Structures are given as structure tokens and as C-alpha cells.
Amino acid sequence: MVMKFRTIRYCLKEGFTSIWTNRLMSLASIGTVLACLIIFGMFLLFSVNLNYIGAQVQEQWEIKVFIDEKIPSHEIPIIGEQIKKIKYIKACTLETKEQALENYKKQLGEDAYILEGFDEFNPLRDSYNINLDDIRYADQVVQQLSEIPGIAKVKNHKEFVDRLLKVTEFVRMASLWIMLLLACIAVFIISNTIKLAVFARRKEINIMKFVGATDWFIRWPFIIEGMLIGLIGALISLLLVGYGYDYILKLIYQSMNIFKLRSFSEIFEALAFIFISFGISIGAVGSAISIRKYLRV
Amino acid sequence: MILLTNISKTYSNGTIALNGINLYIGKGEFAFIVGPSGAGKSTLIKLLMREEVPTSGNIIINNFNLNSLRRREVPYLRRSMGIVFQDFRLLPNKTVYENVAFAMQIIEASPKEIRRQVPYLLGLVGLSNKAKMYPHQLSGGEQQRVALARALINNPAVLIADEPTGNLDPDTAWDIVKLMHDINKRGTTVVMATHAKEIVNSMKKRVIALENGIIVRDEEKGVYGYEI
């Protein structure tokens, strides 16, 4: 159906004014969109950050190989060369026993005095810290490392990292499903709210039908109204989620500083896009579904 | 022009509302449809405006064959007729002017045309000074006149009225019927279902009497014929 421009203008005007004339119902619908999007947004942010942390864990994870103390120090670089030849190794840095001691002292901070005296009789070993392209090759690499002569011990926290990654993966999948479920619930609740709004105006729709209005002529103002309600709900929830997230980030950084989290400005664009498109389409689909029944006159 | 052949209507609960109706109402006629409650008047009106579909038989109105009419063509049938109801059915959130203009907006008439036609029709029904009021600010008679103006604004060939005076006091009812009479004189076919005995008796127009779903009487210059 091709609409004349004046009809488009009419539909827009009707959609906008009816939000105001039915402001109580509009408020209820906006509130529903708001609640759904806020819960949705919370899960989205949670899962995005979990992803981010998982990536950081992989990035920071390393294999440590300790060099036998009987190996003379001038032969240590030879071992380093051998290590570098192994496939999938991204980086390999030497940490001498003196550096290792310094690092321990740094970690202990004020309690560093207990290490006094170890400077002369350093019990630590020289070691190489190794980063991999991908944690999945860890077993293979560890096997090859342990075959190099002069290496006393290969230490990796693979089990721990594996478990951590498994947990993050699980939580991520779970929150994805929860988000999907939430989206369905949101559409259901919102189309019900709109259904109430449409029900209150069924007489109006009925009259339009008897005066000879086509279905689309009746439908468009309602759809525009729904889209606008979705948009308003999306903008408000974006604002609330944004400020809330910033606040929670500050709280988290005060108590925990191991991992970096996504800052709000980093994800704002994606979040705004998701919220607005989600809100608008929920509103439009909800309206279209709810009005169908009353058009059959 | 309205032509009904062998129209029967049985509702899904088994009620037989109409049983073999044959009826012809020519262009420019004024016809009353009378009969006791439950005789089938309302069903007949509903069939004419395609709120209901007959169980059997054929209806032709204004060159629309209702049997082969598709769902998306229904609005165009309704545009070819003006409909007036007992309960007025005005849009509550629109002013008198907007209510009448609405019927022109749906046929995508130009704003210029709307600005010319609406005041003309409001003048015709005597409501020029109430254009900016809302339906709830008007009396019943005034609301029905707005409904009449809306029904007539697109120059329909047929005006269908379902007990248009049912909610009005006798004086106001007479005003409405006189208005419909004037409209009829300008060439519009008028079909009016009614209980108003005095009006039917003094108008001396065609009277079609329904009882138990069949036409029991069809007279030119007839009378109401029932004691209430």
C-alpha cells in the first residue's frame, strides 16, 4: 500500500498525541520496557565483562621453567634458544634468581625484612617465563620443555586456569540463555501492556473500521506509538544503566584490582545500539501483535 | 441500491436470525425497518455493513457484491455508505471538527478539501458553533448530528441508520429524522431501523416489517403497525 504524504503525517501526529492522551498507559508501558531493559542490560554487562576477564586470564597466563642450579650461568642462554625453537611459543623472558628475589621482596612489601640475608645465599633458581599463542597448546609445549636438558622443573597453573575458563564459559553461556529468556519475557509483558492499552481503545478502533479506515491506516499510529514508547524506555534505561554501571565499577575497583573491567565509554555505543533497536522493535512488534485481534470487525 | 436475495443468517449458537430475506431498496428511497426486538433488524443492518456475513444468500450494495468481497476490500464498501448508530460512536479524543474530518482523512482527501467540506457539513447539521467541542460536551442530539455529518461527508450513496433516535428525546429525535429526510431529498438512499412508532407513522415512507427473521410486511407509505 502506498501512502500519501499527508497520511504519513497524520499517522505520526496520531501516534505522538495518543501517547499523551493515554499517558497513564504509556507510562506503564515505558516502565515495563525500562524494567526489562535494565535487567537485560545487567546480564549483558556481566557477560561482556566475564568475557573480558577470560581473555585477560589467557593473556596473563604463563609457563615457568626453572633451570637446574648446576648449570653454569653462561649456558643459560643456550637453554633459552632451545625453548624459543618450540612451536606456539609467543614470548620467553629470562628471570634471574636475583630478579626473582627482588620480585618476592616487592610482593612482601613491608614484610620484606624476612628475606634479609638471602642476598648472599640466594636459594632461588633462574627461570624462564613463557607465553603461548594459545592456552590449548599447553600440554604439548610442556611435554617438549621437560625434554630439554638442564631444566629442573616446569611449573604451570594450567589446571587452575582451565577450571577458571570453564567456569567463565559456563557463566557466559548461562547468562546468554537468561538474556534470551528475558527478551522473550519482555516481549510477552510488553505486548500484554500494550494489549491493555489497545483494549481500552477497542471502541475507537471499532469506530475507525466502520467509517471505512483500512487496517494499515489504523495500525500505523499504534505502531508508531509503540516504537516511541520503546525508544523512551530505551533512552531512560540507557541512562540508568550507564550511571549505575559507572558507580558499580568504582566500588569494584576499590576492593579488587586484579582484572580490568570494561569502562562504560568503551561499551556505550554497542549498548546504546542494542537498547534502542531492542526497545523500538519490542514496541513495534508488541503493538502490531496486540492490535490484530481488534481489526477483525 | 441494495439487493438481498435469499438471505439467511444462523449464528454459531444456533439462533436463526434471518430466514430467507428477499429485499430490494432502490436508489433514492427512504425505508424504515421495523419489528419487535429479536426480529432480525440488527442482524440485517450488520449484514449490510459487513459486520456479519450471511450463512446463505447474496447481497449487492452500491455495485459491491458482498459474497465475493475480500477482507481488504471491506473498508471501500463502508466508504460507499454512511453509517449512524444508536450510541453515536464518535471518537472521544477528537473534537467535533476532527471527528468529521477523520472520515475524510481515511480516504486521503487533500487538506484543502477537508477545510472546505467539514464546515459545510457542520453548517448543514447546525453545529458550526460547536466545532471545537468534544463529544462529551454535547447533548445526545448534537452528538447524533455530528455522527450524521461524519456519515455524509464523503457523499455516500446509502445512509444506514441503526435506531438513530433510540437514545434521544422525542423532539430531538424529530430533528434528526427531519435531517435524514432532507438528506434523502438530495438523492441519498436512507435505510433506518427503528422502534419510533410516531416517527414511522407520520413520515409515510416505505415500511419493511420483520418478524422471526422473515419479512411479514412491505408497504409503500406504511405505518409502524405494532402496539408497544
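Basis of the calculations
- Residues numbered from 1 in each chain as written.
- Chains lettered and ligands numbered in written order.
- Predicted model: local features only at pLDDT ≥ 70, side-chain atom pairs only at ≥ 80, totals over all residues.
- Heavy atoms only, no water.
- Contact = heavy atoms within 4.5 Å.
- Buried area = accessible area lost by both parts, 1.4 Å probe.
- Salt bridge = Lys/Arg side-chain N within 4 Å of Asp/Glu carboxyl O.
- Polar contact = N/O pair within 3.5 Å; in protein donor to acceptor, adjacent residues only side chain to side chain.
- Helix = DSSP H or I, 4+ residues; strand = E, 2+ residues; numbered from the N terminus.
- Nonpolar A, V, L, I, M, F, W, Y, C, P; charged D, E, K, R; others polar.
- Domains from an automatic or database assignment.
- Phe/Tyr/Trp six-rings, centres within 6.5 Å; stacked < 30°, edge-to-face > 60°.
- Buried < 20%, exposed > 50% of the residue type's maximum accessible area, 1.4 Å probe, protein only.
- Lys NZ or Arg CZ within 6 Å of the ring centre and 35° of its normal.

This part is about the interface of chain A and chain B. The partner chain B presents 23 residues to the 23 residues of chain A that form the contact. The junction of chain A with chain B conceals about 2100 Å² of combined surface from both sides, 58% of it contributed by carbon and sulfur atoms. Counting the surface chain A buries against chain B, the share from its top three residues, A:Ile207, A:Phe210 and A:Val211, is 32%. Linking chain A with chain B are two salt bridges, by the criterion used here. B:Lys94 is the partner of A:Glu14 in a salt bridge, and the nearest nitrogen-oxygen pair spans 2.8 Å. At the surface where chain A touches chain B, the tally comes to eight residue pairs in polar contact (both at pLDDT 80 or more). Of all the secondary structure elements, the ones that give two or more residues to the side of chain A that touches chain B are helix H1 (5-21), helix H7 (202-211) and helix H8 (215-255) of chain A. Its residues assigned to classes, the side of chain A that touches chain B shows eleven nonpolar, five polar and seven charged.

Turning to the domain arrangement of chain A, a few remarks are in order. Here chain A is partitioned into domain 1 (7-57 + 161-295) and domain 2 (62-156). Inter-centroid distance (C-alpha atoms) of domain 1 of chain A to domain 2 of chain A is 52 Å.

Our next topic: the domain arrangement of chain B. Residue and element names in this part refer to chain B. Along its sequence, chain B is carved into domain 1 (1-80 + 157-228) and domain 2 (89-155). For the pair domain 1 and domain 2, the two sides together bury roughly 1000 Å², of which 71% comes from carbon and sulfur. Area buried by domain 1 at its contact with domain 2 is led by Arg79, Leu179 and Arg186, which between them contribute 43% of it. Our count for the domain 1 to domain 2 interface comes out at zero salt bridges. For the side of domain 1 that touches domain 2, the element with the most residues is helix H6 (residues 170-185), which contributes five residues. The residue inventory of the side of domain 1 that touches domain 2, partitioned by class, reads eight nonpolar, one polar and two charged.

Taken as a whole and assessed by the stated rule, the structure comprises ten aromatic pairs over all chains. Both rings, one in A:Tyr10 and one in B:Phe102, keep their centres 6.3 Å apart while their planes meet at 45 degrees; by these two values the pair is tilted. Taken together, the residues A:Tyr10 in helix H1 and B:Phe102 in helix H3 (residues 96-105) connect one chain to another. Judged by relative accessible area, A:Tyr10 falls into the buried class, the value being 9%. By relative accessible area, B:Phe102 is classed as buried at 0%. Ring centres 4.8 Å apart and planes at 10 degrees place the aromatic pair A:Phe40 and A:Phe278 in the stacked group. Separated by 238 residues along the polypeptide, A:Phe40 in helix H2 (residues 23-60) and A:Phe278 in helix H9 (residues 264-292) bring together distant segments of the chain. The pair A:Phe40 / A:Phe278 is uniform in exposure class, with both members buried. Taken together, the aromatic side chains of A:Tyr10, A:Phe217 and B:Phe102 make up a single cluster linked through ring pairs. We note A:Arg219 situated over the ring of A:Trp216; from NZ or CZ to the ring centre the distance is 4.3 Å. Here the basic side chain of A:Arg262 rests over the ring of A:Tyr52, its NZ or CZ set 3.7 Å away from the ring centre.

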